[in-house]
Amino acid sequence: MNETPEPGRGDRAPSRRAVLMAGGATAVAVGLGGALAVDASADDDTSADVCYTLTSETMEGPYYIDADKIRQDVTEDQAGVPLTLTLKVIDAETCKPLRDAAVDIWHCNAVGVYSGYEASGSGGGGGGGPAPTGAPTGTPTGTPTGAPPSGGPGGGGGGHQEPTDDSRYLRGTWRTDKRGYVTFRTVFPGWYQGRCVHIHVKVHVDGAWTDAGYEGGHTCHTGQLFFDEKAVLLTEDVEPYSTNTTTRTTLDEDTIYPDNGPAGGLLYLTYDRRHIARGVRAHLTLGVAPDETHDGS
């Protein structure tokens, strides 16, 4: 039997804008095997249109790298529970899908290490990796570097840090389709000191797709995606998560999660609770303000 956990928090009072939430479970689950061959969609936002608040902006964090991997499958050689992540991006003012937006995701691996920053943390079998802890400290540094799309500095653990190596696993950028959907194949993130399990996300608009990738435009959303505690607890018994000896920060303890459910990035999850190692599907609609700039600084 497939388990469909509800997001762990209720929404707070409506914000200045309401957005229309479309059914993310119509997306095809890719690479999860026979256990989820038949779509067992969540019963939250899939059967009818539901309105919820403008998606919360959060901090970029120190480990963002400008888009240099235009791809949907960001797994590379990383071990972990397969995760198919489907996001829908809509204009929070008009509720219309945003077509051809560039969506970035990046997150740590099962033992808490970010690619590009392997030298800045312990990582490897003992777990932990780099540890941006709690609320931000210090002063954000300068302006974004590299070719667009780019995001501002800042985030849990301080300002942007320059990469220490050329690894780029669990990072990628892809374009939204005409209905505003984008799907990534990755692995369920692990954890590191001071943060709950999460995925970083950026949305870039008004740029152009070229043979080289995505150029120009601006960042209209910088956020983080969060996971229900029930699912995270199940991964603790699966290798290589079970080798991560870092004390895990829960969703309740995290200082970045805005505590407002899906509007704050809490994902809707579908998985078999008896066999979570077979894979997880996650989906969420991001309501953004395309005319604004939110680069996470």
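Residues numbered from 1 in each chain as written. Predicted model: local features only at pLDDT ≥ 70, side-chain atom pairs only at ≥ 80, totals over all residues. Heavy atoms only, no water.

Caption draft 1: View of the overall build of the protein chain. Scanning the protein chain from terminus to terminus reveals one helix and 10 strands. Written out in order from the N terminus, the α and β elements of the protein chain read β-β-β-β-β-β-β-β-α-β-β. In the protein chain, which comprises 297 residues, the share counted as buried stands at 55%. Taking the intrachain contacts of the protein chain between residues at least 6 apart in sequence as the baseline, contacts between residues at least 24 apart amount to 81%. Accessible area for the protein chain stands at about 11,900 Å²; split by element, carbon and sulfur atoms hold 49% of it. (Helix = DSSP H or I, 4+ residues; strand = E, 2+ residues; numbered from the N terminus. Buried < 20%, exposed > 50% of the residue type's maximum accessible area, 1.4 Å probe, protein only. Contact = heavy atoms within 4.5 Å. Areas by Shrake-Rupley, 256 points an atom, 1.4 Å probe, with all protein chains shown as cover.)

Caption draft 2: Region of the structure containing the packing of aromatic side chains. Tallied over the full model, the rule gives seven aromatic pairs. Judged by centre distance (4.6 Å) and plane angle (55 degrees), the rings of Tyr63 and Tyr117 are tilted. Of this pair, Tyr63 sits in the loop between strand S2 (50-53) and strand S3 (82-91) while Tyr117 sits in the loop between strand S4 (102-106) and strand S5 (171-175), and the two are 54 residues apart along the sequence. Take Tyr63 and Tyr117: they sit in the same class, and that class is buried. An aromatic cluster is present here, built from Tyr63, Tyr114, Tyr117 and Tyr192 joined pairwise through their rings. (Phe/Tyr/Trp six-rings, centres within 6.5 Å; stacked < 30°, edge-to-face > 60°.)

Caption draft 3: Structural view of the pattern of salt bridges. One pass over the structure, following the stated rule, counts eight salt bridges. One salt bridge in this structure joins Asp254 and Arg195, with 2.7 Å as the shortest N-O distance. On the criterion of sequence distance, the pair formed by Asp254 in the loop between helix H1 (229-235) and strand S9 (268-271) and Arg195 in the loop between strand S6 (181-187) and strand S7 (198-210) is long-range, its members being 59 residues apart. Its relative accessible area of 7% is what places Asp254 among the buried residues. The class of Arg195 is buried, set by a relative accessible area of 2%. The salt bridge partner of Arg248 is Glu236, with a shortest N-O separation of 2.9 Å. With Arg248 in the loop between H1 and S9 and Glu236 in the loop between H1 and S9, this residue pair connects regions lying 12 residues apart in the sequence. The class of Glu236 is partly exposed, set by a relative accessible area of 28%. (Salt bridge = Lys/Arg side-chain N within 4 Å of Asp/Glu carboxyl O.)

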